[in-house]
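Here is what each chain is made of, one letter per residue.
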Amino acid sequence: MVTHKQAPRFETLVQRNLPQLQRINTFAKMLKMTPNISKIIDKIHLLLPPICHRKDQASLSDNEKQRYICAFNMINADGTLGQLVDIHNQMHMQHTNDRLLPWHRVYVLLFEEALHNYHPDVCVPYWDWTKPEEQHFPDWLVGELPTVVTATKTIHVIRAPQADGNLASYVSGTAAAMALTSYSAFTPPINGIHGSVHVWVGGTMSSFDSPADPVFWLHHGNLDRLWWNWYNNPAAGNHQNPPLTGTDAIFDPWTYTEPDVRNIINLGYNYV
């Protein structure tokens, strides 16, 4: 049985890896800290879902969209988003082929846990730009252009999306990448597609400040979903893990290691 976020191991990892969360007190957070909460968790699934079901952004209801935007704005207001943006600006070798996917898995996970401080039922949606009907900027985020204040700068999110046809062209190699049979072969084309979508959105998304844009998290949710699908395809991935050893397998500035992030169910989420 999957309990909420595989507590206590998951909660310990989060507390150790995003200190900002420890300085914020919300009703949801206090409830999760209640002694013996696991004994009653089954009775309050609507408030504290046992596992986060990340959905295709195109399938979200209006209420789900608004709750994501609300939670995003709240972690922007409390400073957590600024902390995450500054981390992305630092050098953690997070964009090399072997570390891109696992490092950003941790990154999106910590972002999602921050959202749960305000809306425990909000999960990071994914933008499936492999579908022709989604090969345009998500309509419901067009007007969401936040100002994000970090410890080092103030970011006013801007965008300059290219033609929809360009996006279709940039991601056209996804199926071929998914058919590759080793992690080391799979990640270079996926990394290239990852960067091309950033450039297609333009503006803030084409810089290291990109996490300030709420669409960043949907983009990386989709990359994480594709990796999970590849990993679970015996004909292709056959459960191959990133060939990382030593310090390369520690996803600084956090203490998560490569084995910590192999199973997304153990991390408390899945894709639907």
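Residues numbered from 1 in each chain as written. Predicted model: local features only at pLDDT ≥ 70, side-chain atom pairs only at ≥ 80, totals over all residues. Heavy atoms only, no water.

**Topic: unusual backbone geometry**
Here is step 1: Cis peptide bonds are those with omega within 30 degrees of zero, and the linkage from Asp-252 to Pro-253 qualifies with 15°.
Here is step 2: Structurally, the position occupied by Pro-253 is in the loop between helix H9 (214–231) and strand E4 (269–271).
Here is step 3: We note that Met-93 has phi near 55°; this positive angle belongs to a residue other than glycine.
Here is step 4: If you trace the backbone, Met-93 turns up in the loop between helix H4 (80–89) and helix H5 (97–115). (Helix = DSSP H or I, 4+ residues; strand = E, 2+ residues; numbered from the N terminus.)

**Description of the packing of H4 against H5**
Here is step 1: One way to put it is that H4 packs onto H5 with a least axis distance of 10 Å and a crossing angle of 170°. In terms of axis orientation, H4 runs roughly antiparallel to H5. Note on element contacts: H5 touches H4 through Trp-103, His-104, Tyr-107, Phe-111 and Ala-114, opposite Thr-80, Leu-81, Leu-84, Val-85, Ile-87 and His-88.
Here is step 2: When its residues are assigned to classes, the contact of H4 with H5 shows eight nonpolar, three polar and no charged. (Axes fitted to C-alpha atoms, helices over the stretch in contact; angles between N-to-C directions. Parallel < 35°, antiparallel > 145°, perpendicular 65-115°, else oblique. Contact = heavy atoms within 4.5 Å. Nonpolar A, V, L, I, M, F, W, Y, C, P; charged D, E, K, R; others polar.)

**As for H4**
Here is step 1: The buried count for H4 comes to eight of 10 residues, which makes it a mostly enclosed element.
Here is step 2: Considered for burial, the residues of H4 that qualify are Thr-80, Leu-81, Gly-82, Leu-84, Val-85, Asp-86, Ile-87 and His-88. (Buried < 20%, exposed > 50% of the residue type's maximum accessible area, 1.4 Å probe, protein only.)

**Here's the deal with the packing of H5 against H9**
Here is step 1: The N-to-C vectors of H5 and H9 enclose an angle of 130°; their axes lie 10 Å apart at closest approach. As summarised for this structure, H5 and H9 are arranged oblique, according to the angle between their axes. Pair H5 / H9 crosses with left-handed handedness. Residues Leu-101, Pro-102, His-104, Arg-105, Tyr-107, Val-108 and Phe-111 of H5 form the contact with H9, whose participating residues are Phe-216, Trp-217, His-220, Leu-223, Asp-224, Trp-227 and Trp-228.
Here is step 2: Residues that form the contact of H5 with H9 fall into these classes: 10 nonpolar, two polar and two charged. (Left-handed = near helix turned anticlockwise from the far one by under 90°.)

**Observations concerning the state of the cysteines**
Joining two cysteines, a disulfide is a covalent bond between their sulfur atoms.
Here is step 1: Going through the model one piece at a time under the given rule, you end up with one disulfide.
Here is step 2: Between the sulfur atoms of Cys-52 and its disulfide partner Cys-123 the distance amounts to 2.1 Å. When the S-S torsion is -95°, as for the bridge of Cys-52 with Cys-123, the disulfide is left-handed. With Cys-52 in strand E1 (residues 52–54) and Cys-123 in the loop between H5 and strand E2 (147–149), the pair connects residues that are 71 residues apart, well separated along the chain. The pair formed by Cys-52 and Cys-123 is uniform in burial state, with each residue classed as buried. (Disulfide = S-S within 2.5 Å.)

**Regarding the layout of surface pockets**
Here is step 1: In this model, the second largest pocket occupies a volume close to 270 Å³.
Here is step 2: Breaking the lining of the second largest pocket down by element, the ones donating at least two residues are E1 and helix H3 (62–77).
Here is step 3: Of the residues forming the lining of the second largest pocket, the biggest block, four residues, is contributed by H3.
Here is step 4: Classifying every residue of the lining of the second largest pocket gives eight nonpolar, two polar and five charged. (1 Å grid on protein atoms, 1.4 Å probe; cavity = no way out; pocket = protein on both sides within 12 Å on 5 of 7 lines; lining within 4 Å. Points joined across faces, edges and corners; volume = space filled by probe spheres on them.)

**A short note on the packing of aromatic side chains**
Ring pairs (aromatic) are described by centroid distance and by the angle formed between their planes.
Here is step 1: Evaluated as defined, the whole model comprises 19 aromatic pairs.
Here is step 2: With a centroid separation of 6.2 Å and an interplanar angle of 65°, the aromatic rings of Trp-127 and Phe-137 are classed as edge-to-face. Of the two residues, Trp-127 sits in the loop between H5 and E2 while Phe-137 sits in the loop between H5 and E2, which places them 10 residues apart along the sequence.
Here is step 3: The buried category is assigned to Trp-127, whose relative accessible area is 0%. (Phe/Tyr/Trp six-rings, centres within 6.5 Å; stacked < 30°, edge-to-face > 60°.)

**Examining H9**
Here is step 1: With 18 residues, H9 extends 27 Å from end C-alpha to end C-alpha; this agrees with the ideal 26 Å at 1.5 Å per step.
Here is step 2: Of all 18 residues that make up H9, 17 are buried, and the element is covered over most of its length. (Expected span 1.5 Å × (residues − 1).)

**Brief notes about the nonpolar core**
Here is step 1: Core analysis: the largest hydrophobic core is formed by 66 residues, its most contacted members being Tyr-68, Phe-111, Trp-127, Trp-129, Trp-217 and Trp-254.
Here is step 2: Listing elements by their share of this core, those giving two or more residues are H3, H4, H5, helix H7 (174–178), helix H8 (183–201), H9 and E4.
Here is step 3: Beyond its immediate sequence surroundings of up to four residues, Trp-217 is in contact with Tyr-68, Phe-72, Leu-81, Leu-84, Tyr-107, Val-108, Phe-111, Val-124, Pro-125 and Pro-211. (Core = buried A, V, L, I, M, F, W, Y, C linked by side-chain atoms within 4.5 Å.)

**Quick notes on the environment of Pro-189**
Here is step 1: Secondary-structure assignment places Pro-189 in helix H8.
Here is step 2: When the C-alpha positions of Pro-189 and Val-171 are compared, they lie 9.8 Å apart, and in sequence the two are 18 residues distant.
Here is step 3: Setting aside its immediate chain neighbours within four residues, Pro-189 contacts Ala-177 and Leu-180.

**A few points about the side chain of Arg-225**
Here is step 1: Here Arg-225 shows up in helix H9.
Here is step 2: With residues up to four places along the chain from it excluded, the contact list for Arg-225 reads Tyr-126, Asp-128, Thr-130 and Tyr-271.

**Description of the pattern of salt bridges**
Here is step 1: Under the definition given, this model contains 11 salt bridges.
Here is step 2: Among the ionic pairs, Arg-54 bridges to Glu-112, the shortest N-O distance being 3.0 Å. One end of the pair, Arg-54, is in strand E1; the other, Glu-112, is in helix H5, with 58 residues separating them in the sequence. In this pair, the class of Arg-54 matches that of Glu-112, namely buried.
Here is step 3: Here Asp-128 makes a salt bridge to Arg-225, at a shortest N to O gap of 3.1 Å. Separated by 97 residues along the polypeptide, Asp-128 in the loop between H5 and E2 and Arg-225 in helix H9 bring together distant segments of the chain.
Here is step 4: Since its relative accessible area comes to 5%, Asp-128 is described here as buried.
Here is step 5: Beyond isolated ion pairs, a larger network of salt bridges with shared partners links Arg-54, Arg-105, Glu-112 and Asp-224. (Salt bridge = Lys/Arg side-chain N within 4 Å of Asp/Glu carboxyl O.)

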